[in-house]
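Spelled out, the chains give:
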Amino acid sequence: MSKSITLDQPDERNLLDRMAQGTIGKPRNRLEGPDKVSGVATYAAEFPASNAANGVLVTATISKGEVVSIDEGSVMDMPGVLAVISDQRMIARPAQGGAGEAPVQQVRQVDYWGQPVAVVVAESFEQARDAARRLKITYNADDAGELVLNPEDAKVWEEAPDTETVQQGALPQAMAEAAHAIDATYTTEGHNSAPMEPHAALAEWDGTKLTVHASLQMLNYNIDELADSLGLDAENVHLLSPYVGGGFGSKLGISPDVAAASVAAMQLGRPVRVVLSRQQVFHSVIRRTETTQRLRLAADSDGRLQGFGHEAKVTNLPEEEFAEPVTQASAFLYPGQDRVLKVEMARIHRMTAGSVRAPGEAVGMQALEAAMDELAEKSGIGPVELRLRNIPERHPSDDIPYSSRRLAECLKAGAEAFGWDDDDRRPAQRREGEWWIGTGMATAARIHNIAKAEASVTLMEDGTAVVATDMTDIGTGTYTVLGQIAGEMLGLDPADVLVRLGDSNLATGPGSGGSWGASSSGSAVQIACEAIREELCDMLGCKDEDLTLKDGFAIHSNRRQSLPELLNGRNIEKLGKLEPGDTEDDFSQASYGAFFTEVAVNAHTGETRVRRMSGAFGIGRVLNEKTAKSQCMGGMVWCIGSALTESMMFDRRDGHLVNHDLAEYHVPVNRDVPHLNVIMVEERDPAASPLQAKGVGELGICGGAGAICNAIYNACGVRLRSFPMTPDKLIAELPDI
Amino acid sequence: MKLAINGTTQGFEGDPRTSLLDFLRRDCGLTGTKKGCDHGQCGACTVLVNGQRINSCLTLAVMHEDDEITTIEGLGTPQDMHPLQAAFVDHDGYQCGYCTPGQICSAKAMLDEAQAGWPSAVTGDLTAEAELTPEEIRERMSGNLCRCGAYSNIVDAITQVKEDAR
Ligand code: FES
Ligand code: FES
């Protein structure tokens, strides 16, 4: 029934390249595409439920303290209002990615502005919204002395729980002796995931079993988070997320809407829908922490790094374990035996800090790559050449080899496609009218992980196949790539593979997070297909090497038989299981790439426009060239936001988020983004997964903002060490023209 | 009161606070039109009212007596896609798909606006015929946010439809 592989050794078999269907890697259109463009694809809030009531969350207007009273009488007489609920089973914070248990639940104990404190339920959304606005709540605000709202006011900095501190050799000495040294401090501001679909849940309770349509990335963990919050058995919770309108980390764990809708449905005995407002997406879910990062680079006269330091400061709420792992790529990307890596965290009262797309590298790489540009300038070595000279043989701290790494190829391919000039890097040399023009580049790097995954594949008697797993497709292309993997292995057009996702009753996968989804769940699909092939071989009395499956036919020893004929009325169902193994520890595994960009900086206003951007990426096997490129493009758009506009702004007096909507928190719009040129560098990584594929969903955001920062310097000679590089910061420094 | 939605007459008797967006999504079951912000900041709710694009979250259903509303469901179906819908699929002009119906409705009206000679903020010569360069398309589509970052492909998709229509 099932087949299992533990990745203790690199999987050198390269099964997919031995197959005959020729669909893997091809730029196929998404299988679910027609449903999405026609408005037929159904997202969480959109499932029909007769008699559904609607809940609207009420959120705290203080940053710390307690709810003294909630005056239900202030709204219960309003038309349609059914209930005001402020229940200990609700959640005060979202669950962190992969938590698998309830987050902090005391909704009446306020720890941040915007924390959910109650939900108002009414017949209609309009009634609930109105009542939620009028609900009278009395708070006892705790603003005495101790309350720390801003990172700069924090006095206590603790070592981050999950990031390994590295203290190797003597960095100060290496800095003192270096031919070229950079000691620079960069800052980044808080970011919001801002998926276009606000978090939403529709809960139904039948007295025993809870069914929730929700917008979630990792159902396997979410089940336990919700069950634990509600005091239910996990078997009695059923989650459905067939379509997720973007997640970017903010839907890794259950969000307050999920618990509130569930509690309300259980209390009222009828379906309840709760959808977060856009403002609540900003102030009640997660933020990416702001960071302060000190980078120390000590190079010899050839530009080779002898010393390397990356120390970061981040924040989170009290009791949260998550600390942005800012130095994650710094641990393996560049050499330097004298080495310091450290992340420190302070507790402040802003909303929960958690995973926003590529936690760690997204902000760590942009600062590091900006500092590398400073080193390139100081040493007089071209930025690409400097990076080529600093590709370590072995992991600088763990002394293990790298799995496949195409960094040099990406640097060269990207430079060539862009038309990069590595020699003349003098700043402020080119002007077109009122615009300074410049170019910049950066390396991309993001760790690779896989996780335990199961997937079921059924070869149907009619010669089609069904893939089923609780894995999600959050825009990443999961439906399509799983269809292509099964199609390749079983000799079917992916159009003949039905892929079922986003249902917690299906085989358990890790979900979409940390770029691990496709390589984990995709490997499980491949393994299930191997088991099906084994059974077909038994039926035919042949070896797997001698079996060709193509276009719905089984071919061996010059015989060609259609699958329906061969199956003769039976289905073959197999469960594939992947377990991570020793390759995790035996190799340093990551996806790599390089960004190249050209910007124009307005000499009068300080406005920066990105005019060109290219990226070359090595992600192991490409499962679908079209969707993989789209993932990279999406990441590059985030780089533009992170470099130029995105910044959560808090009122320093009371801790409330000032720009809590899409008019004030500026994600890039169409006109901010030039044509993006993405190059996929051919690669197979046997240590990474049985598919020989690595993660792609986050790589495109890891470093590109640094390339833009470097291009701004090259354009106008202003080296800002403060992201985002908004006109107000630039204008003060601009040279006269 | 009555209004026509995708060619079918619909009555509206509901709560006067109901936005056109919520009326479509809830009362008409037309959930193809998306709610991204409810404040006119994202474009996910774009529909056509008498052929012109509008943020349906910024208008009340009661304000549309006798208007003709076209939603994404009225443009095409999975089996019979509008050329814009097909081009978005071919060019991967989306990822999660949540902004997509709004993008496509917006693009439909935008092409018509350009056809009618409407200039935009980046049009150099206001008296010349509007030429839909990529820069023009980017400017004219900037009311539709896409957090997945599919913009480059969206411009390619629209450009292809524009060229095929020649
Ligand atoms: S939902 Fe109408 S513009 Fe965002
Ligand atoms: S496709 Fe996800 S927001 Fe545009």
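The rules behind these values
- Residues numbered from 1 in each chain as written.
- Chains lettered and ligands numbered in written order.
- Predicted model: local features only at pLDDT ≥ 70, side-chain atom pairs only at ≥ 80, totals over all residues.
- Heavy atoms only, no water.
- Contact = heavy atoms within 4.5 Å.
- Buried area = accessible area lost by both parts, 1.4 Å probe.
- Salt bridge = Lys/Arg side-chain N within 4 Å of Asp/Glu carboxyl O.
- Patch = residues over 30% accessible without salt bridge, like charges linked within 9 Å, V, L, I, M, F, W, Y side chains within 5 Å.
- Areas by Shrake-Rupley, 256 points an atom, 1.4 Å probe, with all protein chains shown as cover.
- Helix = DSSP H or I, 4+ residues; strand = E, 2+ residues; numbered from the N terminus.
- Buried < 20%, exposed > 50% of the residue type's maximum accessible area, 1.4 Å probe, protein only.
- Lys, Arg positive; Asp, Glu negative; His and termini not counted.
- Charge placed at Lys NZ, Arg CZ, Asp CG, Glu CD.
- Expected span 1.5 Å × (residues − 1).
- Polar contact = N/O pair within 3.5 Å; in protein donor to acceptor, adjacent residues only side chain to side chain.
- Domains from an automatic or database assignment.
- Nonpolar A, V, L, I, M, F, W, Y, C, P; charged D, E, K, R; others polar.
- Axes fitted to C-alpha atoms, helices over the stretch in contact; angles between N-to-C directions.
- Parallel < 35°, antiparallel > 145°, perpendicular 65-115°, else oblique.
- Left-handed = near helix turned anticlockwise from the far one by under 90°.
- Pairing = 2+ DSSP bridges.

**Here's the deal with the interface of chain B and chain A**
On the side of chain A, 57 residues touch chain B, which itself brings 54 residues to the contact. When chain B packs against chain A, the two sides together hide about 4500 Å² of surface, and 53% of this comes from carbon and sulfur. Three residues, Gln95(B), Arg147(B) and Tyr151(B), lead the burial of chain B against chain A; their summed loss comes to 19% of the area buried on that side. In this structure, the connection of chain B to chain A is made through 8 salt bridges.

**Examining a nonpolar patch on the surface**
Residue and element names in this part refer to chain B. Residues Leu60, Val62 and Met63 make up a contiguous nonpolar surface patch of about 250 Å² in total accessible area. Inspection of the secondary structure puts Val62 in the loop between strand 4 (52–55) and strand 5 (68–70). Judged by its relative accessible area of 35%, Val62 is partly exposed.

**Overview of a negative patch on the surface**
All names here are of chain A. Together, Asp8, Asp582, Glu584, Asp585 and Asp586 give the surface a local cluster of negative charge. The residue Asp586 is located in helix 14 (residues 583–586) in this model. Judged by relative accessible area, Asp586 falls into the partly exposed class, the value being 37%.

**Details of the environment of Ala415(A)**
Residues and elements named next belong to chain A. Checked against the element boundaries, Ala415 lands in helix 10 (residues 407–418). Taking the C-alpha atoms as reference, Ala415 lies 7.0 Å from Phe596; in sequence the two are 181 residues apart. For Ala415, the contacting residues outside a window of four places in its chain are Cys410, Trp420 and Phe596.

**Quick word on helix 15 (residues 625–644) of chain A**
In a regular helix each residue adds 1.5 Å, so 20 residues correspond to 28 Å; helix 15 of chain A covers 29 Å between its end C-alpha atoms and thus fits that length. You can read the cap of helix 15 of chain A off the contacts: a side-chain oxygen lies 2.8 Å from the backbone nitrogen of Lys626(A), and it is on Asn624(A).

**Structural notes on unusual backbone geometry**
All names here are of chain A. For the peptide bond that leads from Phe723 to Pro724, omega is -5°, which places it in the cis range. Turning to its location among the elements, Pro724 is positioned in the loop between helix 16 (704–716) and helix 17 (727–731). The backbone of Asp399 shows a phi angle near 50°, a positive value even though the residue is not glycine. With respect to the helices and strands, Asp399 occurs in the loop between helix 9 (383–388) and helix 10.

**Details of the domain arrangement of chain A**
All names here are of chain A. Split by domain assignment, chain A resolves into domain 1 (2–41 + 450–580), domain 2 (44–144 + 196–284) and domain 3 (380–448 + 589–731). Inter-centroid distance (C-alpha atoms) of domain 1 to domain 2 is 37 Å. Taken together, the contacts link 21 residues of domain 1 with 19 residues of domain 2. Regarding the contact of domain 1 and domain 2, the summed buried area is about 1400 Å², with carbon and sulfur atoms giving 53% of it. Across the domain 1-domain 2 interface, the total number found is 8 residue pairs in polar contact (both at pLDDT 80 or more). When the residues that make up the side of domain 1 that touches domain 2 are grouped by side-chain class, the tally is 6 nonpolar, 9 polar and 6 charged.

**Considering the packing of helix 11 (residues 478–490) of chain A against helix 12 (residues 517–540) of chain A**
All names here are of chain A. Running from amino to carboxyl end, helix 11 crosses helix 12 at an angle of 25°, the nearest separation of the two axes being 9 Å. As the angle between them shows, helix 11 and helix 12 are arranged roughly parallel. Between helix 11 and helix 12 lies a crossing of right-handed hand. Where helix 11 approaches helix 12, its residues Val481, Leu482, Ile485, Ala486, Met489 and Leu490 are matched on the opposing element by Ala518, Ser521, Gly522, Val525, Gln526, Cys529, Glu530, Ile532 and Arg533. Residues of the contact of helix 11 with helix 12, tallied by class, amount to 10 nonpolar, 3 polar and 2 charged.

**A closer look at the sheet that holds strand 1 (residues 2–5) of chain B**
Residues and elements named next belong to chain B. Reading across from one edge, 2-1-5-3-4 is the order of the 5 strands in this open sheet, with mixed pairing throughout. The sheet terminates laterally at strand 2 (8–11) and strand 4, the two strands that pair on one side only. Across the sheet, the mean angle from the axis of one strand to that of its neighbour is 40°, orientation sign disregarded. Relative to strand 4, strand 3 (residues 46–49) is paired through 4 bridges, and the arrangement is antiparallel.

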